[in-house]
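Tertiary structure, described
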Amino acid sequence: MGKLEGKYAIITGGGKGIGESIVHRFLDDGIAGIAVLEYDQNLAEEMVSRLDDRGAKILPIQCDVSNEKEVEKAVAQTVEHFGTVDILVNNAGITQDGMFHKMSDDAWDAVMNVNLKGAYHLCKHVVPIMRGNAFGKIVNISSISAFGNVGQANYAASKAGLIGFSKTLAKEGGPKNINVNCVAPGYIETDMYRTVPKEIIEEHIKNTPLRRLGKPHEIASVVSFLSSDDASFLSGQCIIVSGAATT
Ligand SMILES: NC(=O)c1ccc[n+]([C@@H]2O[C@H](COP(=O)([O-])OP(=O)(O)OC[C@H]3O[C@@H](n4cnc5c(N)ncnc54)[C@H](O)[C@@H]3O)[C@@H](O)[C@H]2O)c1
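Right, let's walk through the structure included here. Counting of residues starts from 1 at the beginning of each chain's written sequence and follows it residue by residue. Only residues with pLDDT of at least 70 are given local features in this predicted model, and only at 80 or more are side-chain atom pairs given and counted; all residues enter the totals for whole chains, interfaces and linings. Heavy atoms throughout the structure, all of them, feed into the side-chain values; hydrogens and water do not.

For the ligand, the set of nearby residues contains 28 residues, the closest of which are Ile18, Glu38, Asn91, Tyr155 and Thr190. With respect to the ligand, the side chain of lysine 159 contributes an N or O atom lying 2.8 Å from an oxygen atom. Contact between the ligand and threonine 190: an oxygen atom at 2.5 Å from a side-chain N or O atom of the residue. Exposure was quantified through the Shrake-Rupley algorithm and a 1.4 Å probe, taking into account, for residues, occlusion by the shown protein chains and nothing else. Relative to its free-state accessible area of 830 Å², the ligand is covered by the protein chains to the extent of 93%. Strands here are runs of E lasting at least two residues and helices are runs of H or I lasting at least four, both read from the DSSP assignment and numbered beginning at the N terminus. Residue assignment for the shell around the ligand shows that the elements contributing at least two residues are helix H1 (17-28), helix H5 (153-173) and helix H6 (191-194). Considering each element in turn, the shell around the ligand owes the most residues, three residues, to H6. Residues are grouped as follows: nonpolar covers Ala, Val, Leu, Ile, Met, Phe, Trp, Tyr, Cys and Pro; charged covers Asp, Glu, Lys and Arg; every other residue, Gly included, is treated as polar. In the shell around the ligand, the residues fall into 15 nonpolar, eight polar and five charged. We call a residue near a molecule or strand as soon as one heavy atom of that residue lies within 4 Å of the molecule or strand. Think of a polar contact as two N or O atoms within 3.5 Å of one another; within protein, one of them needs to be a possible hydrogen donor and the other a possible acceptor, and neighboring residues in sequence only count if both atoms come from side chains.

Here's what the structure looks like:
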């Protein structure tokens, strides 16, 4: 029996990269259904078309997580389709890097609105469902940049914000059997990371004691563990998955 059997999940930004890997891993773990809330609906549909007949378990929903009205509608659509939400993975994220003294208000707001406020919107509409069920697992995807990284003041602030947010929801949700944790990936080979210049990639690998970049499935396996009853007494934590790299 798969460890996520009978469970229904929402994964944001599941059209590619780490999010797509989480979709695959949840399916391998026997999940009953997944709503994929994706900004780019084509990406979500292409992702489903790459799956075998298990694609029928996916409900792709076009949704910009920074827009609360769209999130509210998407959560309602998920509940109408699957009946409930047991697991929420706030994975959608963007970067708009630059030195802080040159950073525009727009770059600050865009990153905060997707990475931090997006998770807030999802939790605002999903936590009441989980409280009603007296069951829930929330995993927020942070980053090792949360601990400070040159050129990423906006991104670091959003990802550090997610850690404090998660620890607080874990304290508030504990009495209702809701586990809330963060995963902070290091340098992972996805489209987001491919924008990094070659010489910086070499530096990152040098700074990673395991001497390589991570793969999306190496994040997905930890998210799956945290979403399962194998991690039933694990809450309020930020698990760093970085091959021992720090920024
Ligand atoms: N790749 C890395 O090295 C790395 C490291 C640390 C943390 N992370 C985090 O992991 C998560 C996934 O990153 P990735 O590397 O797979 O990136 P990616 O760019 O490959 O995928 C991000 C996905 O999020 C979606 N998305 C973006 N904005 C959205 C919005 N407003 N609403 C809904 N969906 C939206 C995109 O369409 C895309 O499918 C992000 O939160 C990222 O910050 C990545």
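That was the structure; now back to the text.
Taken residue by residue, a regular strand's side chains alternate between the two faces of the sheet. Buried residues are those whose accessible area, probed at 1.4 Å on protein chains only, stays under 20% of the maximum for their type, while exposed residues exceed 50% and partly exposed ones sit between those limits. In terms of burial, strand E5 (residues 136-141) is a largely internal element, six of the six residues being buried. Of the two faces of E5, the one lined by Gly136, Ile138 and Asn140 and the one lined by Lys137, Val139 and Ile141 are each fully buried. Whether a crossover is right-handed depends on one test, that the path from the first strand over the helix to the second runs clockwise when the strands point away from the viewer. Handedness of the β-α-β unit built from strand E4 (residues 87-90), helix H4 (residues 105-133) and E5 comes out right-handed. One bridge is not enough; two strands pair if DSSP finds at least two bridges between them. Two elements, E5 and strand E6 (residues 178-185), share six bridges in a ladder whose sense is parallel. Within the sheet, the bridge partner assigned to isoleucine 141 lies in E6 and is valine 183. Crossover E5 to E6 through H5 is right-handed.

Another aspect to go through is the packing of helix H3 (residues 68-82) against H4. Helix axes are fitted to C-alpha atoms over the stretch in contact, other axes to C-alpha atoms as well, and angles between N-to-C directions run from 0 to 180 degrees. Relative to each other, H3 and H4 sit at 35°, their axes nearing to 8 Å. Viewed along their axes, H3 and H4 form a crossing whose handedness is right-handed. Listed contacts from H4 to Glu68, Val71, Glu72, Val75 and Val79 of H3 are His121, Leu122, Lys124, His125, Val126 and Ile129. Among the residues making up the contact of H3 with H4, the classes are represented as six nonpolar, two polar and three charged. In this scheme the crossing of two helices becomes right-handed for a clockwise turn of the near helix relative to the far one and left-handed for an anticlockwise turn of less than a right angle. The contact criterion used throughout is that any non-hydrogen atoms of two residues lie within 4.5 Å.

What counts as a salt bridge is simple: a side-chain nitrogen of Lys or Arg found within 4 Å of a carboxyl oxygen of Asp or Glu. Taken as a whole, this structure holds 12 salt bridges when the rule is applied. Between lysine 16 and aspartate 191 there is a salt bridge; the shortest N-O distance is 3.1 Å. Here aspartate 191 lies in helix H6 and lysine 16 lies in the loop between strand E1 (8-12) and H1, a separation of 175 residues in the sequence. With a shortest N-O distance of 3.1 Å, glutamate 20 and arginine 50 are connected by a salt bridge. With a gap of 30 residues between them, glutamate 20 in helix H1 and arginine 50 in the loop between helix H2 (41-49) and strand E3 (58-62) connect regions that are remote in the sequence. Here the residues in one salt-bridge network are Lys16, Asp191 and Arg194, joined through shared partners.

Any functional reading would require information that these geometric values do not contain.
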